[in-house]
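# Summary of the model geometry
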2 protein chains.
Amino acid sequence: MITIRDLAEQLGVSVATVSRALNDQLGVSPELRQRVLDLAAEMNYRPNVAARNLSTDRTHTVIFMVHRRRFPAAADPFYSYIMHGMEASLSLEGYSIMLLTVTDEQLAQGPQSLPALQEKRADAVVLAGPEFLPGFILSVARLGLTTLLVDNALRETPFPAVLADNEGGSRTLTDHLIKVHGHTHIAFLQGPKGWISCEERSAGYQFAVNAAGLESHIVESEDTTPETGQDAFLRAIKDRPETTAIVASNDAMAIGAMRAARQLGIKMPQEMAIVGFDNIFWSAYADPSLTTVSIPTIEVGRLAARLLLERLYGTVTASSRTIVATQLVIRNSCGCMEAA
Amino acid sequence: MITIRDLAEQLGVSVATVSRALNDQLGVSPELRQRVLDLAAEMNYRPNVAARNLSTDRTHTVIFMVHRRRFPAAADPFYSYIMHGMEASLSLEGYSIMLLTVTDEQLAQGPQSLPALQEKRADAVVLAGPEFLPGFILSVARLGLTTLLVDNALRETPFPAVLADNEGGSRTLTDHLIKVHGHTHIAFLQGPKGWISCEERSAGYQFAVNAAGLESHIVESEDTTPETGQDAFLRAIKDRPETTAIVASNDAMAIGAMRAARQLGIKMPQEMAIVGFDNIFWSAYADPSLTTVSIPTIEVGRLAARLLLERLYGTVTASSRTIVATQLVIRNSCGCMEAA
DNA sequence: TTGAAAGCGCTACCAT
DNA sequence: ATGGTAGCGCTTTCAA
C-alpha cells in the first residue's frame, strides 16, 4: 500500500505539501501540484479512508435507515428506489451509502440500540418511512448526525424532510374521476393513521370531493396491501352500494380492490373505476391497467442526497420540507382509453 | 466524545488494559475487566470506528455491488431482498453493508473506476448478478478484498459463489407439467445467454424434457421482462402451434406471456399452461395465479453474509459454490386447483 | 497481569 | 509556497 509519505519521499517534498496538492488546497505552486498529481496517478496512489476519517472526523458515508419490513416491501420496492437514487448521486461526490434496517424493538429502544449510529459510522442519516416517530427522530438528531426524513415529517417541529406531493397528486387524481368521468360517489381506501403519505393522499381526495360538492366516503385499513385493499373495497360497497369509483391509498390496495370487484362480477371500469397511487411497475399489468400517480423515486433520492450534502457543507440552513412533484398516469382503470 | 483514555484515567489504569478489556482479550484480571466494562457502560462509551479501522486495517464493512439497472429491478426486487438478508445477518456481527451500483462504463473500465473499492472502504465485497464478467471479478479479487459472487459464478476457475438451485427448481417445475398435467409439448422461454441463472433453468427444463422422451423447444430472448416474455410467447406458438405449456425463465416473462395469450383469446390454464420462476409477490395476483418456483432470497443473503465472515476470519478456505434450495409453488396457471 | 509507547495514514496548525 | 510536527483514537508489541 502506497501512502503520501511514499509520494513525498519520491518527490523530495513534505507530506504536508503532498496532502495539500491532493486535496486541492491552496498553498502549492501549480507545477509542484502537477508533479504530485502525476506521481500519484503513476504510482496508483489511493488515500487511506480510515486515516482521513480519523483525522477529519468525517466518514463520507450516509446511512439509509428504514424499517426492516419496508425494505424491500414485497409489493413495492419504493425505498429501494429511493436508496438507489441516493447512491447514484452520493457516489458522484465521493460519498458512500450504508443500509441499516431496524426492527420494531430497536425502534422502541431508540438509537442507543443501533451501534452503527452510535459509533458514528456515518456523517449523516436518512430516516425513510413513516415508522420513525418524533421521539426517535429527535434522539437521532441529538446524536449529532445530520438527519433527514424521507416519506415522513414532523408535524410541529420544523425538521428537514423530503416528500412526494401526495396531496396534490391525490387531488388531481380524484379530480380526474370527477371532471372527466363524472363520478359522484367516490370512496377513498385509507391506509393507517399516522402514515403521513396516506394522510396527505386522503386530504387531497377530500379536497377534490369537497370542492365538487360531493360527499366524501373514507374507508379505513390497517395496512396498504392487496389484502387490505380487497377487504376495504368490500366494506366500501357494502356501506354505500351507490359507489362507482374508488381511490386507493396506493396501487397495491387498488389491485386488491380490483380482485374483489372481479370476484363479484363487477365490470371495470364500466361499473367501477378504481385508481391507485405510486405507479408501481405491475400497475401497468393490472386488468384493466391501472390509472395512478407516479412518484419520481429516483429524483426523491437525488434530492435527499443533495439536501444532505448541502447541510454537511453548511451551504444551506433553512427550508424544512421539500416537496417533489408527482404526475398523473392515465391508463384504463379510470375509464379512459377503453378502446385501446 | 469519550475515549478509552477517559476510561483509563477514571480507573487509574492504562489505555492498553482498557482496550484489552473492551476487546475481550486475555491478560486482564476478571475484576478489573468488569470494572472497565461497567464504567464503559455507565459513561456510554462508544469506540471510534475510524481509529479502530486505522490501526487494525479492517473496516467491518461489506460492499454490496450490483449493476445499476438491477437495483432495484422494477419488476422484481430480487437483489434488494438479498441485500436485505445480508444486512440483517451482518448487523448481528457488527458489520455494516454499503450499496455500490455500477454502470456499464464502470464495468468496462474495471475496478479502477470505483473509488469505494480502491480506497478499501470495505473488507469484503459481494458481486451480485450476472453482469460481472470473469475479467472484472478477478481484478476485484486481486484488489485484496474478500470477494463473493451471488447469482453468478465462474465456470472454470473455482471461485466462492452463492446461487439458488435454478436447475433443480426448473427440473421439478417442468416435471410437474409433464407428470401431473401430461403435457408433451412444452416450450422454454430462455433469457439472455451468459446469465447463469437463466442457463441453469434452461438446463433443468431440458433435463426434465429429455428424461420424459419429449422434444425440447427453446425460444430465446434478449431480456427477461414482461415485454420479452410476450414476444417470446408469440414466437413459440408460431414456431410450434401444438405447444400447450410454457416454462418461462422468470415470473416477469411468464406474466408477459400470459398477457399475450389472453390477447389471443387462449384460455388459461385449459388451453395453455404457463409457469414462471422466482415467486415474485405479484405472481400470486396474476390471472390465473402463477405456478412458479420460490427462491429464499433472504436466506441467500444470510448465507452470503456467513460465508463472507467465515472467510474474513479464516475459519474456512474451501468450498466454492453454495447452492440454496428452491421450492415449487403450485398455483393455478399450471392447471392445478382449477376449482379454487 | 499491567503499562509504556510506537505506530496506523492523514490533516492541519504553526513556522519559516 | 513549503516544511515540521502534533495529534485523531485505537491496537499491539515489548518490557516490567
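Below you will find a few notes about this structure. Predicted model only: the values in this text are computed from it and were never measured. (Residues numbered from 1 in each chain as written. Chains lettered and ligands numbered in written order. Predicted model: local features only at pLDDT ≥ 70, side-chain atom pairs only at ≥ 80, totals over all residues. Heavy atoms only, no water.)

### What to know about the pattern of salt bridges
Residue and element names in this part refer to chain B. Throughout the structure, instances matching the rule amount to 31 salt bridges over all chains. Of the charged contacts in the structure, one is a salt bridge between Arg235 and Asp231, with a shortest N-O distance of 3.1 Å. Of this pair, Arg235 and Asp231 both sit in helix 11 (residues 226-239), 4 residues apart, roughly one helical turn. Classification of Asp231 as partly exposed rests on a relative accessible area of 39%. (Salt bridge = Lys/Arg side-chain N within 4 Å of Asp/Glu carboxyl O. Helix = DSSP H or I, 4+ residues; strand = E, 2+ residues; numbered from the N terminus. Buried < 20%, exposed > 50% of the residue type's maximum accessible area, 1.4 Å probe, protein only.)

### Looking at the relation of the copies chain A and chain B
Rotating chain A by 180° and translating it 0.0 Å along the rotation axis places it on chain B, where the RMSD comes to 0.1 Å. Look at the turn and shift together and you get a two-fold axis relating the two. Closest approach to the rotation axis within chain A is made by the C-alpha atom of Met98 of chain A, at a distance of 2.1 Å. Looking at the interface residues of chain A, 100% of them are also at the interface in chain B, so both copies use one shared face. (Least-squares fit on C-alpha atoms with pLDDT ≥ 70 in both. Contact = heavy atoms within 4.5 Å.)

### A closer look at the pairing of strand 2 (residues 96-102) of chain B
The buried count for strand 2 of chain B comes to 7 of 7 residues, which makes it a mostly enclosed element. The alternating pattern of strand 2 of chain B places Ser96, Met98, Leu100 and Val102 of chain B and Ile97, Leu99 and Thr101 of chain B on opposite faces, both of which are buried. Pairing of strand 2 (residues 96-102) of chain A with strand 2 of chain B, which is carried by 3 bridges, proceeds in the antiparallel orientation. Counterpart to Met98 of chain A in the pairing with strand 2 of chain B is Met98 of chain B. Across 7 bridges, strand 1 (residues 61-67) of chain B lies against strand 2 of chain B in parallel orientation. Within the sheet, the bridge partner assigned to Phe64 of chain B lies in strand 2 of chain B and is Leu99 of chain B. The parallel pair strand 1 of chain B and strand 2 of chain B is bridged by helix 5 (residues 78-92) of chain B, and the resulting crossover is right-handed. (Pairing = 2+ DSSP bridges. Right-handed = clockwise from strand over helix to strand, strands pointing away.)

### A closer look at the packing of aromatic side chains
Evaluated as defined, the whole model comprises 13 aromatic pairs over all chains. With centroids separated by 5.6 Å and ring planes inclined at 35°, the aromatic side chains of Phe132 of chain A and Phe136 of chain A adopt a geometry described as tilted. Using a relative accessible area of 1% as the deciding quantity, one classes Phe132 of chain A as buried. In this structure Phe136 of chain A comes out as buried when scored by relative accessible area, which is 6%. For the ring pair Phe281 of chain B and Trp282 of chain B, a centre distance of 5.0 Å and an interplane angle of 85° mean the geometry is edge-to-face. Here Phe281 of chain B falls in the partly exposed class, since its relative accessible area comes to 28%. We note Arg70 of chain A situated over the ring of Trp195 of chain A; from NZ or CZ to the ring centre the distance is 4.2 Å. Above the ring of Phe207 of chain B, the side-chain terminus of Arg171 of chain B is found at 4.6 Å from the ring centroid. (Phe/Tyr/Trp six-rings, centres within 6.5 Å; stacked < 30°, edge-to-face > 60°. Lys NZ or Arg CZ within 6 Å of the ring centre and 35° of its normal.)

### Some remarks on the protein's contact with DNA strand C
DNA strand C sits among 26 residues. The nearest are Ile4, Tyr45 and Ser55 of chain A together with Thr17 and Ser29 of chain B. For DNA strand C, the fraction of protein-proximal atoms (within 4 Å) that sit in sugar or phosphate groups is 68%. Contacts to DNA strand C include Gln25 of chain A, whose side-chain N or O atom sits 3.4 Å from a phosphate oxygen. Only helix 2 (15-22) and helix 4 (49-56) of chain A together with helix 2 (15-22) and helix 4 (49-56) of chain B provide two or more residues apiece to the surface near DNA strand C. Considering each element in turn, the surface near DNA strand C owes the most residues, 4 residues, to helix 4 of chain A. Looking at side-chain class alone, the surface near DNA strand C contains 10 nonpolar, 13 polar and 3 charged residues. (Near = heavy atom within 4 Å. Polar contact = N/O pair within 3.5 Å; in protein donor to acceptor, adjacent residues only side chain to side chain. Nonpolar A, V, L, I, M, F, W, Y, C, P; charged D, E, K, R; others polar.)

### A short note on unusual backbone geometry
Residues and elements named next belong to chain A. With omega at -20°, the peptide bond leading from Phe71 into Pro72 counts as cis. Here Pro72 lies in the loop between strand 1 (61-67) and helix 5 (78-92). A positive phi angle, near 50°, is found at Lys120, a position not held by glycine. Along the chain, Lys120 turns up in the loop between helix 7 (115-118) and strand 3 (124-128). Taking relative accessible area as the criterion, Lys120 reaches 37% and is therefore assigned partly exposed.

### A closer look at the interface of chain A and chain B
On the side of chain B, 47 residues touch chain A, which itself brings 47 residues to the contact. Both faces combined, the contact of chain A with chain B buries some 4,500 Å², and carbon together with sulfur accounts for 60% of it. Of all residues in chain A, the largest losses of buried area upon contact with chain B belong to Arg121, Trp282 and Tyr285 of chain A, amounting jointly to 16% of the total for that side. The interface formed by chain A and chain B contains 2 salt bridges. Of the charged contacts in the structure, one is a salt bridge between Glu87 of chain B and Arg68 of chain A, with a shortest N-O distance of 3.7 Å. Inspection of the chain A/chain B interface yields 20 residue pairs in polar contact (both at pLDDT 80 or more). Contributing elements (two or more residues each) for the side of chain A that touches chain B: helix 4, helix 5, strand 2, helix 7, helix 11 (226-239) and helix 12 (251-263) of chain A. If you tally residues by element for the side of chain A that touches chain B, the top one is helix 5 of chain A, at 7 residues. (Buried area = accessible area lost by both parts, 1.4 Å probe.)

### Quick word on the side chain of Gln190 of chain A
The topology assignment puts Gln190 of chain A in strand 6 (residues 186-190). For Gln190 of chain A, a relative accessible area of 3% translates into the label buried.

### Observations regarding the protein's contact with DNA strand D
DNA strand D sits among 27 residues. The nearest are Thr17 and Ser29 of chain A together with Ile4, Ser19 and Tyr45 of chain B. When atoms of DNA strand D within 4 Å of the protein are sorted by moiety, sugar and phosphate together comprise 65%. In this structure, a phosphate oxygen belonging to DNA strand D sits 2.8 Å away from a side-chain N or O atom of Ser19 of chain B. Elements with a contribution of two residues or more to the surface near DNA strand D: helix 2 and helix 4 of chain A together with helix 2 and helix 4 of chain B. Here the residues of the surface near DNA strand D are counted per class, giving 11 nonpolar, 13 polar and 3 charged.

### Here's the deal with the side chain of Ser249 of chain A
Residue and element names in this part refer to chain A. You can see Ser249 is positioned in the loop between strand 8 (245-248) and helix 12. On the basis of relative accessible area, Ser249 is assigned to the buried category, the value being 1%. A distance of 3.1 Å separates the side chain of Ser249 from the backbone nitrogen of Gly191, its partner in a polar contact. Excluding its chain neighbours within four sequence positions, the residues that come into contact with Ser249 are Phe188, Leu189, Gln190, Gly191, Cys198, Arg201, Thr224 and Phe277.

### Observations concerning the sheet that holds strand 9 (residues 273-275) of chain A
Residue and element names in this part refer to chain A. Pairing within the open sheet is parallel, and its 4 strands lie in the order 7-6-8-9. Strands with a single pairing partner mark the edges of an open sheet, and in this sheet they are strand 7 (217-220) and strand 9. Neighbour-to-neighbour, the strand axes of the sheet open up by a mean angle of 20°, direction not taken into account. The sheet contacts of helix 11 involve strand 6, strand 7, strand 8 and strand 9, and relative to strand 7 the element is tilted by about 140°. (Axes fitted to C-alpha atoms, helices over the stretch in contact; angles between N-to-C directions.)

### Quick look at the sheet that holds strand 6 (residues 186-190) of chain B
Residues and elements named next belong to chain B. One open sheet holds the 4 strands; their spatial order is 7-6-8-9, and the pairing between them is parallel. If you trace the sheet from one side to the other, it starts and ends with strand 7 (217-220) and strand 9 (273-275), each paired once. Neighbour to neighbour, the strand axes of the sheet diverge by 20° on average, direction disregarded. With 4 bridges joining them, strand 6 and strand 7 adopt parallel strand pairing. If you follow Gln190 over to strand 7, its bridge partner there is Glu220. On the sheet, helix 9 (residues 166-180) packs against strand 6, strand 8 (245-248) and strand 9 and is oriented at approximately 170° with respect to strand 8. Packing of helix 11 onto the sheet brings it into contact with strand 6, strand 7, strand 8 and strand 9, and relative to strand 7 it is tilted by some 140°.

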